[in-house]
Structure formats: structure tokens, C-alpha cells
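Survey of secondary and tertiary structure
Residues per chain are reported as follows:
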Amino acid sequence: MMVASLIYGLCAATSAVCAGMLLGAYRLKKYRLLLWSGLCFVGLAVNNVILVLDKVILPDIDLSSMRLLVALIAMTVLLYGLIWDTE
């Protein structure tokens, strides 16, 4: 269980770092795809934090539907940016 906790935490941290780097690059370059990708990674970081809550901190409570909803919203944001946002 300790190794799984470490991996879940590292996944959350990696997603958060990617989100920060993408949003920081968007502030400098103003490419809209960086914005949509950064927002997607924010959602994925939240998804990973909920995973840590679900599997490690609150194992008796099922948070899988909340995780799936957050992941769906994150992917929908990226999909919107890829399809309908033009530069």
C-alpha cells in the first residue's frame, strides 16, 4: 500500500507540474492550445488528488464516480480547445 500511495502522489505532482508549466507558457506566448492543455492538466491533477483520497485516505468511501466526472470534464475542455478554438 505504501508504494501505491507514493505512485498516486507522484502522478498528482507530475500533473500539477505539467499544468503549471503549460499555463506559464500560455502567459508568455498566448497560444490558446497551451491554455486548453494547461486547464486539462489542472483537471487531471485534481483527478489524481481525488484518487489519493479515494484509495489512501478514505478507502471506505467510493469516490470513483467523482474521479470519472472530473476526468471527463478535463478531457472535454481539451477536446473543445482542439476542435472549436481556432487561432
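Everything numeric in this text was worked out from a predicted model, so none of it was measured.

Let's talk about the packing of aromatic side chains
A complete count under the given rule lists 2 aromatic pairs for this structure. Judged by centre distance (5.2 Å) and plane angle (80 degrees), the ring pair of Trp-36 and Tyr-80 falls under edge-to-face. A residue pair is termed long-range when its members are at least 10 positions apart, and Trp-36 in helix 2 (residues 32-57) and Tyr-80 in helix 3 (residues 64-83) qualify at 44 residues. An angle of 35 degrees between the planes, with centres 6.0 Å apart, marks the rings of Tyr-80 and Trp-84 as tilted. Taken together, the aromatic side chains of Trp-36, Tyr-80 and Trp-84 make up a single cluster linked through ring pairs. The ring of Tyr-26 has Lys-30 lying over it, and the distance from NZ or CZ to the ring centre is 5.3 Å.

Some points on the packing of helix 1 (residues 2-29) against helix 2
Running from amino to carboxyl end, helix 1 crosses helix 2 at an angle of 160 degrees, the nearest separation of the two axes being 8 Å. The angle between helix 1 and helix 2 places the two elements in the roughly antiparallel class. Here helix 1 and helix 2 pass one another in a crossing that is left-handed. Here the contact of helix 1 with helix 2 is composed, by residue class, of 21 nonpolar, 6 polar and 3 charged.

Some thoughts on the side chain of Asp-54
Along the polypeptide, Asp-54 turns up in helix 2. Residue classification places Asp-54 among the buried positions, given a relative accessible area of 5%. Residues in contact with Asp-54, not counting those within four places in the same chain, are Pro-59, Ile-61, Asp-62, Leu-63, Ser-64 and Arg-67.

Rules of the game
For every chain, the first residue of the written sequence is number 1, and numbering continues from 1 onward in sequence order. Predicted model: local features are reported for residues with pLDDT of at least 70 only, side-chain atom pairs are reported and counted for 80 or more only, and whole-chain, interface and lining totals are derived from all residues. Hydrogens and water are ignored here; the side-chain numbers use all heavy atoms of the structure. Ring pairs shown here join Phe, Tyr and Trp side chains whose ring centres sit within 6.5 Å, with only the six-membered ring taken for Trp; geometry is labelled stacked below 30 degrees between planes, edge-to-face above 60, and tilted in between. For helices the rule is a DSSP run of H or I covering at least 4 residues; for strands it is a run of E covering at least 2, with both sets numbered from the N terminus onward. Whether a charge lies above a ring is judged from NZ of Lys or CZ of Arg, which has to be within 6 Å of the ring centre and within 35 degrees of the ring normal. To get an axis, fit a line to the C-alpha atoms, keeping to the stretch in contact for a helix; angles then go from 0 to 180 degrees between the N-to-C directions. Each angle is binned into one of four classes, with values under 35 degrees roughly parallel, values over 145 roughly antiparallel, values of 65 to 115 roughly perpendicular, and all other values oblique. Each crossing gets its handedness from the near helix: less than a right angle anticlockwise from the far helix is left-handed, clockwise is right-handed. Residue polarity follows a fixed list, in which Ala, Val, Leu, Ile, Met, Phe, Trp, Tyr, Cys and Pro are nonpolar, Asp, Glu, Lys and Arg are charged, and the others, Gly among them, are polar. Working definition: with a 1.4 Å probe on protein chains only, accessible area under 20% of the residue-type maximum means buried, over 50% means exposed, and in between means partly exposed. Every residue pair with non-hydrogen atoms within 4.5 Å of one another is taken to be in contact.

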